[in-house]
Amino acid sequence: MNFEAHSCPNGHVTYPRHTVCPKCGEEQTEIVDLTDEVGTVVTWTTSTATPPGVREPNHLAIVEFNLGETNVRALGQTTDPVETGDQVTPVFCKELRDPGAGIREKESQDWDGYRFSPV
Ligand SMILES: [Zn+2]
């Protein structure tokens with residue numbers, strides 16, 4: 001599993017994937033692997049009232065990845081509290097939420113994912 005953004009033929013990158021590019025309407029056909037990239041925290045928050053199975057407190061950040069001619073922003077959890085301007089990289093996390101916390105159809109969910117960790 002990789003931490004992936006998607007791109008249309010015109011080089012517009014989004015995270016997560018859109019069926020068609022929100023900028024030009026072309027189909028998003030390419031994968032942009034951000035797994036080993038370092039991004040910058042644009043803004044962050046900490047949620048203390050979380051849904052069942054989501055850790056509390058839950059640290060979230062919007063991270064911007066600079067890809068040369070373009071950039072892409074991604075919202076995700078962080079492993080630790082972060083500050084605006086911090087450098088972070090995606091790290092694989094086996095369970096982003098607790099599968100035992102009242103989820104009726106566990107098979108319907110993706111449990112794995114990535115959190116952002118300070119570098
Ligand atoms: Zn596009």
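- Per an unreviewed UniProt entry, the chain goes by Nucleic acid-binding protein and derives from Natrinema versiforme.

**Here's the deal with the packing of aromatic side chains**
Link 1 in the chain: Scanning the entire structure with this criterion turns up six aromatic pairs.
Link 2 in the chain: Consider the rings of F3 and F116, whose centres lie 5.6 Å apart with planes at 85°: the pair is edge-to-face. Of this pair, F3 sits in the segment before β1 (4-7) while F116 is found in strand β8 (residues 113-118), placing the two residues 113 residues apart along the sequence. Residues F3 and F116 agree in their burial class; the two are buried.

**Quick notes on the coordination of the zinc ion**
Link 1 in the chain: Those protein atoms acting as donors to the zinc ion are C8 (SG), H12 (ND1), C21 (SG) and C24 (SG), and they sit at 2.1 to 2.3 Å.
Link 2 in the chain: Geometry at the zinc ion is tetrahedral, judged from its four donor atoms and the angles of 106 to 114° they form at the metal.
Link 3 in the chain: For H12, a relative accessible area of 23% translates into the label partly exposed.
Link 4 in the chain: You can call C24 partly exposed: its relative accessible area is 33%.

**Some remarks on the sheet that holds strand β7 (residues 87-93)**
Link 1 in the chain: Pairing is antiparallel in the open sheet, where five strands are placed in the order β6-β5-β4-β7-β8. One side of each edge strand has no neighbouring strand; the edge strands of this open sheet are β6 (71-77) and β8. The mean angle between the axes of side-by-side strands here comes to 35°, regardless of whether they run parallel or antiparallel.
Link 2 in the chain: Where strand β4 (residues 39-47) and β7 come together, two bridges link them in antiparallel fashion. Across the sheet, the residue bridging to T40 is Q87, located in β7.

**Regarding the environment of G53**
Link 1 in the chain: Examined against the element boundaries, G53 turns out to sit in the loop between β4 and β5 (58-66).
Link 2 in the chain: When the C-alpha atoms of G53 and L96 are compared, they prove to be 8.7 Å apart, with 43 residues separating the residues in sequence.
Link 3 in the chain: Contacts of G53, omitting those with residues within four sequence positions, involve R97, D98 and A101.

**Overview of the pattern of salt bridges**
Opposite charge on two side chains lets them pair, provided their charged atoms get close.
Link 1 in the chain: Counted according to the given criterion, the structure contains two salt bridges.
Link 2 in the chain: R73 is paired through a salt bridge with E64; the nearest N and O atoms lie 2.6 Å apart.
Link 3 in the chain: Judged by relative accessible area, R73 falls into the partly exposed class, the value being 46%.
Link 4 in the chain: Of the residues examined, E64 reaches a relative accessible area of 24% and is grouped as partly exposed.
Link 5 in the chain: For K94, the salt bridge is made with D112, and the minimal N-O distance between the two is 3.9 Å. On the criterion of sequence distance, the pair formed by K94 in the loop between β7 and β8 and D112 in the loop between β7 and β8 is long-range, its members being 18 residues apart.

Rules used throughout
Residues numbered from 1 in each chain as written. Predicted model: local features only at pLDDT ≥ 70, side-chain atom pairs only at ≥ 80, totals over all residues. Heavy atoms only, no water. Phe/Tyr/Trp six-rings, centres within 6.5 Å; stacked < 30°, edge-to-face > 60°. Helix = DSSP H or I, 4+ residues; strand = E, 2+ residues; numbered from the N terminus. Buried < 20%, exposed > 50% of the residue type's maximum accessible area, 1.4 Å probe, protein only. Donors = N, O, S within 2.8 Å, 3.2 Å for Na, K, Ca; no water. Tetrahedral: all angles 85-135°; square planar, octahedral: opposite > 155°, others 65-115°. Pairing = 2+ DSSP bridges. Axes fitted to C-alpha atoms, helices over the stretch in contact; angles between N-to-C directions. Contact = heavy atoms within 4.5 Å. Salt bridge = Lys/Arg side-chain N within 4 Å of Asp/Glu carboxyl O.

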